[in-house]
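Chain by chain, the residues:
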Amino acid sequence: MRCAIALAHQGEARDGANPIGCVIVRDGAVIAEGFNEVDMLHDPTAHAEIVAIRRAGARLQCHELRGAVLYTTLQPCGMCTMASIWAKIGRIVFGAGRGDVHKMYFEDRHLDTLDFIRDAYRKDLSVAGGVLAADCTRFYVPPEAVVPEAEQFNR
C-alpha cells in the first residue's frame, strides 16, 4: 500500500493526473503500477486500477492475473472492480473506503462495489479495506465537506 500511496503523490503532483495510486503485486514482486490518468489522457477509463491492469497484461502478455494482489488508495469504482474480476485478480486491498470520502467519488451511489465482489461467483477473490486508511484519505475530499454541485465530478 505504501507504493500505491507514493504513486498517489506522483499523480497529485502531475498536471492532468489525479491522486489515486495502484500497484499490482504477484509472487512478492511488483508487476505493474499506475495513477489516475483520466484528465491527462482524456480517457474516462484511465483510472489507476485500469492503467495498472493494462500494464500488467502487457508486461506478462496475458489477460489473466491469477494470484495477483491489487493495492489501491481508494476503494475501486464499479468499472475497476469489474475489470479486476475479469482479470482474475486474486485479492483487492484498498485504503480509503466509500464512507471515508465525499460521495462524489462514486458514480453509483446506490451500489456498493463490494457487492460486485461478493456476487462475482469466484471463490478465489478476496478484499480488504481500510489499509493505511488515514494515509490514503488525506488525498480526498472528506465526506462532510460542502462541495457545490457544479464543482463535483461524477455527476
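Residues numbered from 1 in each chain as written. Predicted model: local features only at pLDDT ≥ 70, side-chain atom pairs only at ≥ 80, totals over all residues. Heavy atoms only, no water.

Now for the pairing of strand S2 (residues 29-36). As paired elements, strand S1 (residues 18-26) and S2 share seven bridges and run antiparallel to each other. Across the sheet, Gly-21 pairs through a bridge with Phe-35, a residue of S2. Counting the residues between successive antiparallel strands, the hairpin from S1 to S2 contains two residues, one of them, Asp-27, with a positive phi of roughly 55°. (Pairing = 2+ DSSP bridges. Helix = DSSP H or I, 4+ residues; strand = E, 2+ residues; numbered from the N terminus.)

In spatial order, the strands read S2-S1-S3-S4-S5; together these five strands make up an open sheet with mixed pairing. The sheet terminates laterally at S2 and strand S5 (126-128), the two strands that pair on one side only. This sheet shows a mean twist of 15° between the axes of neighbouring strands, independent of strand direction. Relative to strand S3 (residues 69-74), S1 is paired through four bridges, and the arrangement is antiparallel. Within S3, the position partnered with Val-23 by the bridge is Tyr-71. Across the sheet, helix H1 (residues 2-13) lies against S1, S2 and S3, angled at about 145° from S1, the strand it touches most. Along the sheet face, helix H3 (residues 48-60) touches S1, S2 and S3 and points at about 145° away from the line of S2. (Axes fitted to C-alpha atoms, helices over the stretch in contact; angles between N-to-C directions. Contact = heavy atoms within 4.5 Å.)

Right, let's talk about unusual backbone geometry for a bit. We note that Asp-27 has phi near 55°; this positive angle belongs to a residue other than glycine. Locating Asp-27 in the fold gives a position in the loop between S1 and S2. Residue Asp-27 is classed as exposed on the basis of its relative accessible area of 75%. Of note in the backbone geometry, Leu-132 takes a positive phi value of approximately 50° without being a glycine. Following the sequence through the fold, Leu-132 ends up in the loop between S5 and helix H6 (133-137). (Buried < 20%, exposed > 50% of the residue type's maximum accessible area, 1.4 Å probe, protein only.)

Everything listed is a geometric property; what it means functionally is a separate question.
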